[in-house]
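Structural overview
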Amino acid sequence: MELTGAQALIKSLEQEGVETVFGLPGGAILPVYDPLIDSTIRHILVRHEQGAGHMAEGYALATGRAGVAIVTSGPGATNIVTPIANAHMDSTPLVVITGQVPTGSIGSDAFQECDITGITSGITKHNFLVKSAAELPRAIAAAFHLATTGRPGPVLVDVPKDVSQSKMEWWWPSGIEDLDLPGYHPDVELDDDAVAAAIALIEVAQRPVLYVGGGTLKSRASKELLAFAERTNMPVVTTLMARGAFPDSHPQHLGMPGMHGFYTAVTAMQKSDLLISLGARFDDRVTGRLDGFAPDAKIIHVDIDRAEFNKVRRADVALHGQVAAIISALDAGLKKTSKYESWWRQLRDWQASYPLAYDEPVADGPLRPQAVVEAIAQRAEPGTIVAAGVGQHQMWAAQHWRYEEPGTWINSGGAGTMGFGVPAAIGAKVGRPDRTVWAIDGDGCFQMTAQELVTARSEGIPIKVAILNNAYLGMVRQWQEMFYDERYSEVYLSPDLPDYVKWAEAMGCVGLRATNLDEMKRVIDEANSINDVPVVIDFRTDATEKVFPMVPSGETNDAIMVHPSQRGGAS
Amino acid sequence: MSPAAEPFVGATSSTPVRHHILSVLVENKAGALSRIAGLFARRGFNIYSLAVAPAERHQRFSRVTIVVDAESAPLEQIVGQLEKLVNVVAISDLAPRNALERELLIATIQVDVNNRRALLNDIESLGASIVDVDAFGLTVMLAGTPGACDELERRLDNYDEVDIHRTGRVALPRLGPRLVD
Ligand SMILES: Cc1ncc(C[n+]2csc(CCOP(=O)(O)OP(=O)(O)O)c2C)c(N)n1
Ligand SMILES: [Mg+2]
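Worth saying up front: this structure is predicted, and the values here are computed from it rather than measured.

A few words on the overall build of chain A. Within chain A, the secondary structure is distributed over 23 helices and 20 strands. In summary, chain A has a C-alpha radius of gyration of 24 Å against a globular reference of 25 Å for 571 residues, a match within 12%. C-alpha atoms of chain A, sized along the principal axes, occupy 75 × 60 × 40 Å. Expressed as a percentage of contacts within chain A between residues at least 6 apart in sequence, the contacts between residues at least 24 apart total 75%. A total accessible area of about 21,000 Å² is found for chain A, and carbon and sulfur atoms account for 49% of it. Distance between charge centres in chain A, computed from 47 positive and 69 negative side chains, equals 4 Å.

Below is the structure:
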């Protein structure tokens, strides 16, 4: 069967089981958009290519499948660089297809030419510049294989216009061996000696902590984790990237560790004598100042990426492989278990002394942002998906919502990309149309990518957006208040410029506003009753609210600051 | 030749004290080399020298010999990050004491016919050879240990007009039992 490169590209996506792609056409990718008309694949036309990238990420994080974006060359390609970098930091499987100028023009500074494989070489797991139509099926199959296996990540396929226009005889790679990836071996054999060494450490530990990272979700290891945690009675912490990997309602769950983590989660790690890291990477936002991090802890480091071992913290035992398989191996090999009674007494003590705290709500506003998150959560049906932007609101969403299952928390962790929330929520809703999807966004973030609500409205993707409108780049404001003598530099945004309700309405969404507790409950109920169009709520929140607990940057986790109301008796 | 008979083995003035040699087999594909160079730059690993050529009979692969400064990052990190590059097929790392290192130096020295005595002595004593010559100068080459190349370079510094090019080293493991660092 003779096809054009463009037809072969679309057919290859169909072969990979792709149902939805996010994108925006232009010159170099034009040939690819023609066969799309005849394809079963749904294309979602975004308003900015950054939106396409974050939607693909949201889709991937909600479904566990690769998200796909298609954009044109030059500015189309550079506009999607931020989501690619974001996906790289968070190991999110993406396949990004970019148009490129014809092969004969590459290197001539042709119109809308840019070296996107060069630009993205440090922020992709891999990328390809496809030189002939016949190579396209293999490039696409390899891109999906690379994006979704091993440590997942973004893969970019750059397709010159003449390649998509020329003819090829259709073929499809017969299997992985046919992908021509001699340097890629994602399957790892379990090291029995290392498993035994880990078990030996576990059997003598008195204050262990299961330090659960995003790799646990990527490895779909939640079931194994739950079984292992319950059998061993070990306390669990879930990082910002792992929220939902272990139920927040579970009594063994101490919550999130890190700069804005729960006191008990942070302190348990600090005082632990054995950290079992499950697909976590000892990020500086978790460890605080490294030389004072968990000083007495031995480390069992489980990761699919060997380069993570000893990168930040020396591992006593490194276990290379998929988190799920390794937990099962540990579970099978472990003979002696303990109840860790005195450890639990200590942990329960800390939990009782330093629960998450915030100031009492005041009846007629401004709203406490933490209370808004809790009110939405209380009124949300189980399984609701939350996507966040980046800033204070993100931390409150991570702290005050209870995540019970994988794929319900979608955020930008490693890169901290403002503007992630709205498009990621849209992508998640496309991937999981059966679920309610809330974006919990900041006013600053919202202004970066809000135009994608036009996409949501026109494509019939009814997400709900809660703007925690504190009129500030709040997280930066918090640092300036605490560490720069309250010298506020370029952080004020205004509560009503833009008018978020009118803006929402202009984009075909329902716009609501709440300035006090009564309105807050009413508009949340109203938003929950609307299921055909996107809803945006402008919650007027207190600009002076700060995120606590907080480990000041540059300090060890021992310097954790709890909420002001809890200070004085603090250890 | 036994290791002891080799002149200038090991660290010399121009080699970082804790260097390590990585012999990296990469797919001969567009961008593969820039990925390696980019990785070193991005992660703050220092490259001391780098030599690339098609590997063995296979046109499919190239051999990149990288001398890394093992002070700038733990070797384990450098190797681990390199391994993740999809185009990298195999890495062997060699501690200098287990490696047989060789490098090529060529140099043109402008020196007239009447003043070549000392230069010719140097060339001979270091085992270099003359590959080109005219009335105004000569071109010499030395294929030898990095140390021998360093020594020749040092001696050539005495001349006013010299153009020296070095290839960066290639290396293979020594035969016989491995020495432990
Ligand atoms: C693209 C981008 N630019 C700048 C920053 C730095 N930054 C981190 S949080 C923040 C403020 C976010 O403001 P807003 O969305 O209103 O959230 P808030 O902290 O007020 O809840 C800024 C500017 C960032 N993370 N990303
Ligand atoms: Mg704000």
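All right, on to the interface of chain A and chain B then. Each partner contributes residues to the interface: chain A has 20 residues there, and chain B has 18 residues. Of the roughly 1,500 Å² buried between chain A and chain B, counting both surfaces, carbon and sulfur atoms make up 44%. Where chain A meets chain B, there are five salt bridges. Put simply, B:Glu83 and A:Arg306 hold a salt bridge, and the shortest N to O gap is 2.9 Å.

The next point concerns the nonpolar core. Residue and element names in this part refer to chain A. If you look at the biggest cluster of nonpolar residues, it comprises 95 residues, and the most contacted ones within it are Leu210, Ile300, Leu319 and Phe539. Here this core gathers at least three residues from each of two domains, domain 2 (192-353) and domain 3 (369-540). Counting residues in hydrophobic clusters, the runner-up holds 47 residues, among them Ala87, Ile385, Phe420 and Met507.

Turning our eyes to something else, we now look at the domain arrangement of chain B. Residue and element names in this part refer to chain B. Segmenting chain B into domains produces domain 1 (19-94) and domain 2 (100-173). Centre-to-centre, using C-alpha coordinates, domain 1 lies 28 Å away from domain 2. At the interface, nine residues of domain 1 touch eight residues of domain 2. Summed over both sides, the interface between domain 1 and domain 2 buries roughly 650 Å², with carbon and sulfur atoms accounting for 61% of that surface.

To continue, consider empty space enclosed by the protein. Residue and element names in this part refer to chain A. Scanning the entire structure with this criterion turns up two cavities of 30 Å³ or more. Considering only enclosed or pocket space, the second largest cavity measures out at about 40 Å³ in volume. In terms of lining, the second largest cavity is formed by Ala357, Tyr358, Gln370, Trp396, Gln399, His400, Lys546, Phe548 and His563. Here the lining of the second largest cavity is built from residues that sort into four nonpolar, four polar and one charged.

Here we take up the pairing of strand S17 (residues 437-442) of chain A. Remark: a regular strand shows side chains that alternate across the two faces of the sheet. Residues and elements named next belong to chain A. With respect to burial, S17 is a largely interior element, six of its six residues being buried. Residues of S17 alternate between two faces, with Val437, Ala439 and Asp441 on one and Trp438, Ile440 and Gly442 on the opposite face, all of them buried. In terms of strand pairing, strand S15 (residues 385-388) meets S17 through four bridges, oriented parallel. Looking across to S17, one finds that Ala388 is bridged to Ile440. In the sheet, S17 pairs with strand S18 (residues 464-469) via five bridges, with the strands oriented parallel. Directly across from Gly442, in S18, lies its bridge partner Leu468.

Before going further, it helps to spend a moment on the sheet that holds strand S4 (residues 88-94) of chain B. All names here are of chain B. If you walk across this open sheet you meet the four strands as S2-S3-S1-S4, and the pairing is antiparallel. Pairing within the sheet leaves two strands with one partner each, and these edge strands are strand S2 (47-54) and S4. The mean angle between the axes of side-by-side strands here comes to 15 degrees, regardless of whether they run parallel or antiparallel. Bridge count between strand S1 (residues 19-27) and S4: six bridges; the pairing is antiparallel. Opposite Leu22, over in S4, you have Asp93 as the bridge partner. Contacts between helix H1 (residues 32-43) and the sheet are confined to S1, S2, strand S3 (61-69) and S4, with S3 contributing the most and set at about 15 degrees to the helix. This element, helix H2 (residues 75-84), spans S1, S3 and S4 of the sheet and lies at about 5 degrees to S1.

What follows deals with the coordination of the magnesium ion (ligand 2). Every protein donor of the magnesium ion (ligand 2) is accounted for by A:Asp443 (OD), A:Asn470 (OD1) and A:Tyr472 (O), and the metal-donor separations fall at 2.0 to 2.1 Å. Residue classification places A:Asn470 among the buried residues on the basis of a relative accessible area of 7%.

Take the layout of surface pockets next. In this structure, the second largest pocket spans a volume of roughly 1,200 Å³. Lining the second largest pocket are 45 residues, and of these A:Arg151, A:Asp305, A:Ala307, B:Gln81 and B:Lys84 sit closest to its centre. Of all the secondary-structure elements, those providing two or more residues to the lining of the second largest pocket are helix H5 (81-89) of chain A together with H1, H2 and S4 of chain B. For the lining of the second largest pocket, a count of residues per class yields 18 nonpolar, 13 polar and 14 charged.

The next subject is a negative patch on the surface. Residues and elements named next belong to chain A. A cluster of acidic residues, Glu189, Asp191, Asp192 and Asp193, forms a negative patch on the protein surface. Tracing the chain through its elements places Glu189 in the loop between strand S8 (167-169) and helix H9 (192-204). Given a relative accessible area of 75%, Glu189 falls into the exposed group.

Okay, helix H14 (residues 323-333) of chain A next. Given 3.6 residues to a turn, an α-helix orients residues that are three or four positions apart in the same direction. Looking only at H14(A), the buried set comprises A:Val323, A:Ala324, A:Ile326, A:Ile327, A:Ala329 and A:Leu330. Of the surrounding secondary structure, the elements contacted by the buried residues of H14(A) are H9, helix H10 (214-218), helix H11 (222-232), strand S12 (274-278), strand S13 (298-303) and strand S14 (317-320) of chain A.

With that settled, consider the pairing of strand S6 (residues 126-129) of chain A. Residue and element names in this part refer to chain A. Across four bridges, the pairing between S6 and strand S7 (residues 154-160) is parallel. Within S7, the residue paired with Asn127 across the bridge is Leu156. A crossover links S6 with its parallel partner S7, the connecting element being helix H7 (residues 136-148), and its sense is right-handed.

Cut-offs and rules
Residues numbered from 1 in each chain as written. Chains lettered and ligands numbered in written order. Predicted model: local features only at pLDDT ≥ 70, side-chain atom pairs only at ≥ 80, totals over all residues. Heavy atoms only, no water. Helix = DSSP H or I, 4+ residues; strand = E, 2+ residues; numbered from the N terminus. Rg over C-alpha atoms; globule rule 2.2 N^0.38 Å. Contact = heavy atoms within 4.5 Å. Areas by Shrake-Rupley, 256 points an atom, 1.4 Å probe, with all protein chains shown as cover. Lys, Arg positive; Asp, Glu negative; His and termini not counted. Charge placed at Lys NZ, Arg CZ, Asp CG, Glu CD. Buried area = accessible area lost by both parts, 1.4 Å probe. Salt bridge = Lys/Arg side-chain N within 4 Å of Asp/Glu carboxyl O. Core = buried A, V, L, I, M, F, W, Y, C linked by side-chain atoms within 4.5 Å. Buried < 20%, exposed > 50% of the residue type's maximum accessible area, 1.4 Å probe, protein only. Domains from an automatic or database assignment. 1 Å grid on protein atoms, 1.4 Å probe; cavity = no way out; pocket = protein on both sides within 12 Å on 5 of 7 lines; lining within 4 Å. Points joined across faces, edges and corners; volume = space filled by probe spheres on them. Nonpolar A, V, L, I, M, F, W, Y, C, P; charged D, E, K, R; others polar. Pairing = 2+ DSSP bridges. Axes fitted to C-alpha atoms, helices over the stretch in contact; angles between N-to-C directions. Donors = N, O, S within 2.8 Å, 3.2 Å for Na, K, Ca; no water. Patch = residues over 30% accessible without salt bridge, like charges linked within 9 Å, V, L, I, M, F, W, Y side chains within 5 Å. Right-handed = clockwise from strand over helix to strand, strands pointing away.

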